[in-house]
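For reference, the chains in residue letters:
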Amino acid sequence: MSDSIASILNDLRRPRTPTLEPGLLSVFRTIIGLETALVLLGVIAGTLRRDGPPRSLLITNLLWLVLLLIYLSWPRLHERLGRWFLPPALLISGLMPLVDRHFLLQYIVNSGDGAFPFMSVDESGWRLLFFLLFPLVLTAWQYRLPQVLLFSIGTSAVGIGLTGAALGWRSSAFLDILPFSMGQGVILTLIGFVVLRMISAQRAQRAHLTEANEKLAQYASTVDQLATSRERNRLARELHDTLSHTLSALAVQLEAADSVWESAPEQAHTLLVKSIANARGGLSETRRALQDLRASPLEDLGLGLALRTLAESTAKRAGLELTLDVPKQVDGLSAEQEQGVYRIAQEAWENVVKHAGAQKVAVLLRHDDQARWRLTVRDDGQGFDQRQTDVNGHYGLQGMQERAAMLGAALQIESQAGKTNVQLVV
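First, a word on scope: everything that follows refers to the structure included in this document. The written sequence of each chain sets the order in which its residues are numbered from 1. pLDDT decides what is reported in this predicted model: residues at 70 or higher carry local features, side-chain atom pairs at 80 or more are listed and counted, and totals for whole chains, interfaces and linings draw on all residues regardless. Side-chain metrics in this entry use all non-hydrogen atoms of the structure; hydrogen atoms and water are not considered.

Comments concerning the packing of aromatic side chains
Stacked, tilted and edge-to-face are the three classes applied to pairs of Phe, Tyr and Trp rings, where Trp contributes its six-membered ring and a pair requires centres within 6.5 Å; stacked means planes under 30 degrees apart, edge-to-face means over 60, and tilted covers the rest. Within this structure, the stated rule accounts for five aromatic pairs. Relative to F180, the ring of W126 lies with its centre 4.9 Å away and its plane at 65 degrees, an arrangement referred to as edge-to-face. With W126 in helix 6 (residues 121–142) and F180 in helix 8 (residues 172–259), the pair connects residues that are 54 residues apart, well separated along the chain. Accessible area is worked out with a 1.4 Å probe on protein chains only. A residue is then buried under 20% of its type maximum, exposed over 50%, and partly exposed in between. Residue W126 is classed as exposed on the basis of its relative accessible area, which comes to 52%. Aromatic pair F130 and F134: ring centres 5.3 Å apart, planes at 80 degrees, arrangement edge-to-face. With a gap of four residues between them, F130 and F134 both fall in helix 6, about one helical turn apart. The class of F130 is partly exposed, set by a relative accessible area of 44%. Residue F134 is classed as partly exposed on the basis of its relative accessible area of 26%. Labels follow the DSSP assignment, with helices taken as runs of H or I lasting at least four residues and strands as runs of E lasting at least two, numbered in each case from the N terminus.

Rendered as structure tokens:
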């Protein structure tokens, strides 16, 4: 209980909510709509029977409820009044049952025998309490403890005043109902406290959720920036391995051709032909690298067919003997995971083509017993000594390790003379 009071007091110190709580206005309109329907039924029933409440009182209540419903359904009025839009509606909703009961009690007194045809004084008190619960809950939903106390104590005091005015301050009927009227304020206060406690807990959960969403958005932005940075690094590596090498070789050949242009024209012509061939080869490699960066095969074919197409086209380009075991359909991976698997396979292939000097290569993608996908790229190339090679010092291997870490996947690279095995489990 002490924790609940402390929570409410902490909630009290926070700034007042400037806007309506989500869903409150629609609930308020629904309640007023139901009350309007009940009063309308009362008007219809009063027309058929003569022992009911005065029709003038029911019609007056119906008019006030219709006006209140129009008020709550007026969006432009809500925009203009802002934070002052709700208090008048709550005030009217709380005063209407009090005024209605006041006229009912007057009708009892004026009836002569002191008895209402179908409702006693005590029953009218319980009816009043029932209809006051709705604006009380809405007050606790939107505001804080002071407003709840003001509503509970204020309605109780106004109710006692109107009851005394209707029955007479010294009448036995007023003295009999006075304890119930005073207890009504206590009951409303307790109910308001319970509702306020629940609403405070809900507000705290919503605040934590908002904070978590903000952190998640920041994390997503950081991840996106990191992915962009790594893509730029990968683009730099691709251009370094293709365009940079090609341009360097082309510059050397052109300088050599220029130096022997007059003394050995045939040799210069030969160097020029080689330069043209290297330029065309570099242009083709650059186009291929830029096309690979788009990863459009994933969007068009899916991971399975994209991996098969990548392996077949690369093996054909490099003249490698290919062993392929990749299903056409790969399920259970997110778009981010598919992208990562495709990029790692692409890096592994480029390492085979550029550095391994292999004759045979195998690509396998299988679903293991633990419902994980296991990608294997194996070649019979020259390999490298892992004891003397820092993996982080090689751009391609470093990119593979970074992508695997981003996916939360396990990447294992084993290499020796005549065999290199790359295995990714995701």
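Section: the pairing of strand 2 (residues 360–367)
When DSSP locates at least two bridges between a pair of strands, those strands are taken to pair. Across five bridges, strand 1 (residues 321–325) lies against strand 2 in parallel orientation. The residue of strand 2 that forms the bridge with L322 is V361. Think of it like this: strands point away, you trace from the first strand over the helix to the second, and a clockwise trace means the crossover is right-handed. Regarding topology, helix 12 (residues 335–356) serves as the crossover connection from strand 1 to the parallel strand 2, and that connection is left-handed.

So, the environment of S26
Along the chain, S26 turns up in helix 2 (residues 24–48). For S26, a relative accessible area of 37% corresponds to the partly exposed category.

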